[in-house]
Structures are given as C-alpha cells and as structure tokens.
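Residues per chain are reported as follows:
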Amino acid sequence: MNRQIRLAAHPDGMVRDSDFEHVVAPVPEPDEGEALVRNLYLSIDPAIRGWMNGADTYVPGIHVGDVMRSAGIGEVVESRNPRYNPGDRVLGFVGWQDWSIVDSEERSVEVIPPVDPATAFLSVYGVTGVTAYFGMLDVAQPQPGEMVVVSGAAGAVGSVAGQIAKIRGCDVVGTAGSDAKCAWITDELGFDAAINYKTEDLGAALSRTCPEGIDVYFDNVGGEMLDLVLERINNRARIALCGSISQYNATKLPPGPRNLVQLIPKRGRMEGFIVLDYLPRFLEAILQLGEWVAAGKLKYAEEIVDGLDRAPGALQRLFTGDHTGKLIVRVGGA
C-alpha cells in the first residue's frame, strides 16, 4: 500500500496538523512512458508553505485533496520508460508518499550519480545550494572587499550563500536566531560576524558589524530586517530577494519597507529571483559547489527526520527556527 499525506485545508496562519490528512492508497501502476519510484527522502523547504495556499505561481498550487509536493530523491523500481532503469536514483518533484509515478512528458525527474550521501542532492547540490549559488553570484554579484549581510544565515540556503561570498573575498555578517547558530556560522563556516536577532538590537548590531555600510544583502527573511538593511546600504548596493520567511504565515500582508526610497539616492538595486529560471545552468553550479566542498572551502549541515508521518512537523519547524542547515525527511530505508 501507498501511504500518502494530502492537503486537508489551506492554512490560515501557521501550518497546523489539521491542515494535513494521512491516507493509504494502492501502489500506482506505471503506464507506457512512466516509471514507478520508491521515495527515499523529501526536501522540506519554505516554498512549500506558499504552494499550500493553492494559488498558481511559478509552480501550480497545492489544492485540498492533493498529495503534498516537495523535491525528493527516490529509487526506480519498475520502468516503462527507456530514460529510467530499475535501481536508478532519481531527483525531482515527488509527493509526500511512499511511491510516485514519473511523468515522462514533464521530465521533472532526473537520474543522479551515486554520490554518498545521496541527500547532498537535496542540500548543497540540490535546489538550496544552487539557489545560494545563482542568487549570490548572478543576482548579488559580490566583489572582493565588499560587505555582505546574509539573513537566515544558519539555514540551508543562507549558510551556503555566505560561504560563497567569503570565497569571493568579501566580509560577511550573518543573522541567526540563537547563540549556538551564531557560533556555528562564525566558528565553523568562517563568517566574520554573526548577529542573534532574537536577543540583540538588530539596528545597532548592523551598525557595529558593518561600520562602513552594506554593499550586498542576501535576503531570506524580509520584514523589519530588510528595512534596517536599507537604512545602511552603500552606493550601488545590491539586494537579492531570495525569500521572506518572516511573512509566509501572515494572515494579512504587513506594510512594505519604509526605506525603499534609499534605493534612489544610493543607486541601489533590489531584485527577486526564482532558481528554476537557471535550470539550464544547474550542472555548472553543481560542479562548482562540488569543487568547493572537495577542497574544504564549503561546508553544509543536514538534519534528517525519520518517518513520512513526521513531514508536517518538519515543515512547521522551518518557521520556529528549531533546526540548523537543511531539513530532510527520510521516507524509508536507503
């Protein structure tokens, strides 16, 4: 049988257990041109919360009754498609379920090489690492000697983005929500300074750690933090809008940043991006990230939660800050 977690209700504010329905369905049979995949790992990302609202954006929304969707890794068990062979490990959008069908038309699932651990293709070599790569290098374009600030710096994307800026010769300040996370990004990842936004005066801390202003801001958080950074940007500053996790559970949109006018006299640029726009260049990013990891220049952290039934709780943890690095759910044995 095929255990599934489906959307029971569009969330109103913070995601709750009652927003999900646990069901059991028959294992699907692949048609001609399809393959049956046993899901092994699920990627838990903030974007899932936006999809749960049901609105179609750069990907279709998740509607009530739909199987929850996320990126994942699985193993091909049965194939009626020459692109896939039994035993292949594959990466792509799968459901929160034991078994998925690969759709031959969309090519949404790709075979991955036998890397150990395989979960690296959901973290440093997956969408999170690739997001950090293109968001920092293509959108923010840091230059040696510049001051870079990264919010959510202990998260899966922020931790990689900050290290890429260090590799590029920048001074890097990260914000995080605990002293332990701040110690991790400075002592282990090499950030120059860290700010605990829960215990420090954020504006004063930004002024202290960036006394000559901010050249690049990699924003995973939005809200008040973006406003305080805008007060302190330098001429020709670049702001890469990667996410706005502080607002994903808001029932009413908060007022916009008060300091957007700073972009005019500072001739600054603020740009949002979607990593899927860079799909033709993913291999470029993966190869470079792999080179940095092999050389010891780039580190990453994963936290693996065991059990499909714990996926809703893992999603909730993204918004409480109760994790470091990449959150992954192990569906079954690997």
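Not measured: the values here are computed from a predicted model. (Residues numbered from 1 in each chain as written. Predicted model: local features only at pLDDT ≥ 70, side-chain atom pairs only at ≥ 80, totals over all residues. Heavy atoms only, no water.)

K.L.:
Quick one: what's the story with the pairing of strand β5 (residues 89-95), residue by residue and with numbers?
P.N.:
Pairing of strand β4 (residues 69-79) with β5 involves seven bridges; the strand directions are antiparallel. Within β5, the position partnered with R69 by the bridge is G95. As defined by bridge partners, β5 adjoins strand β7 (residues 109-111) across three bridges and the pair is classed as antiparallel. Across the sheet, residue L91 finds its bridge partner in β7, namely E110. (Pairing = 2+ DSSP bridges. Helix = DSSP H or I, 4+ residues; strand = E, 2+ residues; numbered from the N terminus.)

K.L.:
Give a detailed account of unusual backbone geometry, specifying residues and quantitative values.
P.N.:
In the segment running from D116 into P117, the intervening peptide bond is cis, with an omega of 0°. Topologically, P117 is positioned in the loop between β7 and α2 (127-140). Positive phi outside glycine occurs at Q141, with the angle close to 50°. Mapped onto the fold, Q141 is located in the loop between α2 and β8 (147-150). Not every positive phi belongs to a glycine, and R236 is a case in point at roughly 65°.

K.L.:
Now, about the packing of aromatic side chains: what can you tell me, with residues and values included?
P.N.:
Throughout the structure, instances matching the rule amount to seven aromatic pairs. Pairing F20 with W96 gives two aromatic rings, centres 5.9 Å apart and planes at 15°, and the pair type is stacked. Note that F20 is positioned in strand β2 (residues 20-25) and W96 in the loop between β5 and β6 (99-102), a separation of 76 residues in sequence. The two residues F20 and W96 agree in class, both being buried. Ring geometry for Y133 versus F134: centroids 5.0 Å apart, planes at 90°, classification edge-to-face. (Phe/Tyr/Trp six-rings, centres within 6.5 Å; stacked < 30°, edge-to-face > 60°. Buried < 20%, exposed > 50% of the residue type's maximum accessible area, 1.4 Å probe, protein only.)

K.L.:
Requested: an account of the nonpolar core, with residues and values cited.
P.N.:
Of all hydrophobic cores here, the largest spans 49 residues; its most connected members are M136, I164 and L289. If one sorts the elements of this core by residue count, α2 sits on top with eight residues. Excluding anything up to four places from it in sequence, M136 contacts T131, Q141, P142, V148, V150, A161, I164, A165, V216 and F218. One finds L7, W51, V59 and F319 within the second-largest nonpolar core, a separate group that totals 24 residues. (Core = buried A, V, L, I, M, F, W, Y, C linked by side-chain atoms within 4.5 Å. Contact = heavy atoms within 4.5 Å.)

K.L.:
I'd love a proper account of the pattern of salt bridges, names of residues and values included.
P.N.:
Inspection of every chain in the model, using the stated rule, returns 16 salt bridges. Among the ionic pairs, R238 bridges to E146, the shortest N-O distance being 2.6 Å. Separated by 92 residues along the polypeptide, R238 in strand β12 (residues 233-241) and E146 in the loop between α2 and β8 bring together distant segments of the chain. Residue classification places R238 among the buried positions, given a relative accessible area of 11%. Given the relative accessible area of 14%, E146 is considered buried. The partner of E188 in a salt bridge is K299, with the nearest N and O atoms 3.9 Å apart. Note that E188 is positioned in helix α4 (residues 179-188) and K299 in the loop between α7 (282-294) and β14 (302-306), a separation of 111 residues in sequence. (Salt bridge = Lys/Arg side-chain N within 4 Å of Asp/Glu carboxyl O.)

K.L.:
Pulling in residues and values, what's your account of the environment of Q4?
P.N.:
Assignment of secondary structure puts Q4 in strand β1 (residues 2-7). A relative accessible area of 9% means that Q4 is categorised as buried. With 92 residues separating them in the primary sequence, Q4 and W96 have C-alpha atoms 5.9 Å apart. Not counting residues within four places of it along the chain, the set of residues in contact with Q4 comprises E21, H22, V23, A25, V67, W96 and Q97.

K.L.:
Could you give an account of the packing of α2 against helix α3 (residues 156-167), naming the residues involved and the relevant values?
P.N.:
The contact between α2 and α3 brings their axes to 8 Å, and the two run at 45°. Between α2 and α3, the angle falls in the class oblique. The two elements α2 and α3 meet at a crossing, and its hand is right-handed. Contact with α2, carried on its side by T128, G129, T131, A132, Y133, M136 and L137, involves A156, V157, V160, A161, I164 and A165 of α3 and no other residues of that element. Here the residues of the contact of α2 with α3 sort into ten nonpolar, three polar and no charged. (Axes fitted to C-alpha atoms, helices over the stretch in contact; angles between N-to-C directions. Parallel < 35°, antiparallel > 145°, perpendicular 65-115°, else oblique. Left-handed = near helix turned anticlockwise from the far one by under 90°. Nonpolar A, V, L, I, M, F, W, Y, C, P; charged D, E, K, R; others polar.)

K.L.:
Which residues make up helix α8 (residues 311-320), and what values go with them?
P.N.:
With eight of ten residues buried, α8 is to be regarded as a mostly interior element. When α8 is considered as a whole, its buried residues turn out to be A311, P312, A314, L315, Q316, R317, L318 and F319. Where the residues of α8 are buried, they touch β1, β2, α1 (47-51), β14 and β15 (326-330). Positioned one or two residues after α8, G321 has a phi angle of 80°, which is positive.

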